[in-house]
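# Remarks on the overall topology
Listed here are the chains, written in short residue letters.
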Amino acid sequence: AQSVTQLDSQVPVFEEAPVELRCNYSSSVSVYLFWYVQYPNQGLQLLLKYLSGSTLVESINGFEAEFNKSQTSFHLRKPSVHISDTAEYFCAVTPSGGYQKVTFGTGTKLQVIP
Amino acid sequence: GAGVSQSPRYKVAKRGQDVALRCDPISGHVSLFWYQQALGQGPEFLTYFQNEAQLDKSGLPSDRFFAERPEGSVSTLKIQRTQQEDSAVYLCASSLEKGELFFGEGSRLTVL
C-alpha cells in the first residue's frame, strides 16, 4: 500500500516570494507521482506529473517538482508566487505497474499575501 | 460539456434517507473513480470502474454504499440510510491515462 504525507496544512507566503510545498511518500514498489491543485470553488485538476525519465518536472504556470527516490520526496516549488496561485495543493501517488488506486495526501493550502 | 459533470452539486438529507449521486464522465474515458473528501482532508478512494466493471470497491466504508456504471459511461453512487458521518464532498473522476484524473466539482452531502 502507498501513503502520502504533506506535513504543512497551510503555507502563507508574500507575493513574489519563493515557496516550497513538501510531499513525502511511502511505497514498496516504483511509483508515479502527481501534484493536483484545487482553486477556490473549482474541482481538482492535475498540475504536474512524474512518470519516468528526468526527475525534474514542470508545469505551464511556473511550478516545478523534483522526484527524489532516496528521500522518497516530491516537493513542489515556485521561485515567485502570484496572488492567483492561492489554492489547495494535493500530492498523490500510484504504483507504476498494473492497476492501483491513486492515493492523495491531506493537502496544503497556499495563501499568497499581497 | 467537455468535463466531468456531477449532480446534484449540493444535497441535504435527513438521517436515514437514501441518496443517489450522479457522475457523467468525459466521453471515451474508460476509467472512473469515486472519492470521498471530508472537511480538511484529502480525497479518500471509494471505488473504481473500468468500463462497466467495478474492479475495486475496497474503499467503500460500509455496505450502505453502492456504486454502479451499468453501460460503462454514467455512474451513480448510492448511499442508503445516510448517517451524519457520511457528510462530505463526493468526487468523481475519469481517466484515460494512469494516474491522470479529471475531476468533477463534486457533490456536497450534508446529513442532518
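Everything discussed here concerns the structure shown above.
An account of the accompanying structure is given in this report. (Residues numbered from 1 in each chain as written. Chains lettered and ligands numbered in written order. Predicted model: local features only at pLDDT ≥ 70, side-chain atom pairs only at ≥ 80, totals over all residues. Heavy atoms only, no water.)

## Notes on the nonpolar core
Rule in force here: The term nonpolar core refers to a set of buried residues drawn from Ala, Val, Leu, Ile, Met, Phe, Trp, Tyr and Cys, joined through side-chain atoms within 4.5 Å. With a 1.4 Å probe rolled over the protein chains alone, any residue whose accessible area is under 20% of its type maximum counts as buried; one over 50% counts as exposed, and the rest are partly exposed. Put simply, DSSP marks the helices as runs of H or I at least four residues long and the strands as runs of E at least two long, and each gets a number from the N terminus on. Residues are treated as being in contact if the distance between any of their heavy atoms lies within 4.5 Å.
Among the nonpolar cores identified, the biggest contains 28 residues, and A:Leu33, A:Trp35, A:Leu47, A:Leu48, A:Phe74, A:Leu76 and A:Tyr89 are the most heavily contacted of them. Elements that contribute at least two residues to this core include exactly strand S2 (10–14), strand S3 (19–21), strand S5 (31–38), strand S6 (45–50), strand S8 (64–68), strand S9 (73–78), strand S10 (87–95) and strand S12 (108–113) of chain A. Aside from chain neighbours lying at most four places away, what touches A:Phe74 is A:Cys23, A:Leu33, A:Phe34, A:Trp35, A:Leu48, A:Tyr50, A:Val57, A:Ala65, A:Glu66, A:Phe67 and A:Cys91. By size, the runner-up hydrophobic cluster in this structure holds 20 residues, among which are B:Cys23, B:Ala88, B:Tyr90 and B:Cys92.

## Let's talk about the sheet that holds strand S7 (residues 65–68) of chain B
Residues and elements named next belong to chain B. Filter applied, for reference: In this description, strands pair whenever DSSP reports at least two bridges between them. Every angle, taken between N-to-C directions, lies between 0 and 180 degrees, and every axis is a line fitted to C-alpha atoms, over only the stretch in contact when it is a helix.
Sheet architecture is open: four strands sit in the order S1-S3-S8-S7, paired in antiparallel fashion. Either end of the sheet is taken by a strand with one partner, and the two such strands are strand S1 (5–7) and S7. Between one strand and the next, the sheet's axes are offset by a mean angle of 15°, whatever the strand orientation. The sheet contact formed by strand S3 (residues 19–24) and strand S8 (residues 75–79) spans five bridges and is antiparallel. Bridge assignment links valine 19 to a residue of S8, and that residue is isoleucine 79.

## Some thoughts on the interface of chain A and chain B
Defined as follows: Summed over both partners, the accessible surface that disappears when two parts come together, traced with a 1.4 Å probe, is what is meant by buried area. The salt bridge definition used is simple: a Lys or Arg side-chain nitrogen within 4 Å of an Asp or Glu carboxyl oxygen. Here a polar contact is recorded for every N or O atom pair within 3.5 Å, except that within protein the pair must consist of a potential hydrogen donor and a potential acceptor, and residues adjacent in sequence are included only if both atoms are side-chain atoms.
Contact with chain A, which involves 22 residues of that partner, is made by 19 residues of chain B. Taken together, both faces of the contact between chain A and chain B bury some 1600 Å²; the carbon and sulfur share is 58%. Three residues, A:Leu44, A:Tyr99 and A:Phe104, lead the burial of chain A against chain B; their summed loss comes to 33% of the area buried on that side. Taken together, chain A and chain B are joined by one salt bridge. With a shortest N-O distance of 2.2 Å, A:Lys49 and B:Glu100 are connected by a salt bridge. Between chain A and chain B we count five residue pairs in polar contact (both at pLDDT 80 or more) in total. Looking at the side of chain A that touches chain B, the elements with two or more residues in it are S5, S6 and S10 of chain A. With four residues, S5(A) is the largest single contributor of residues to the side of chain A that touches chain B.

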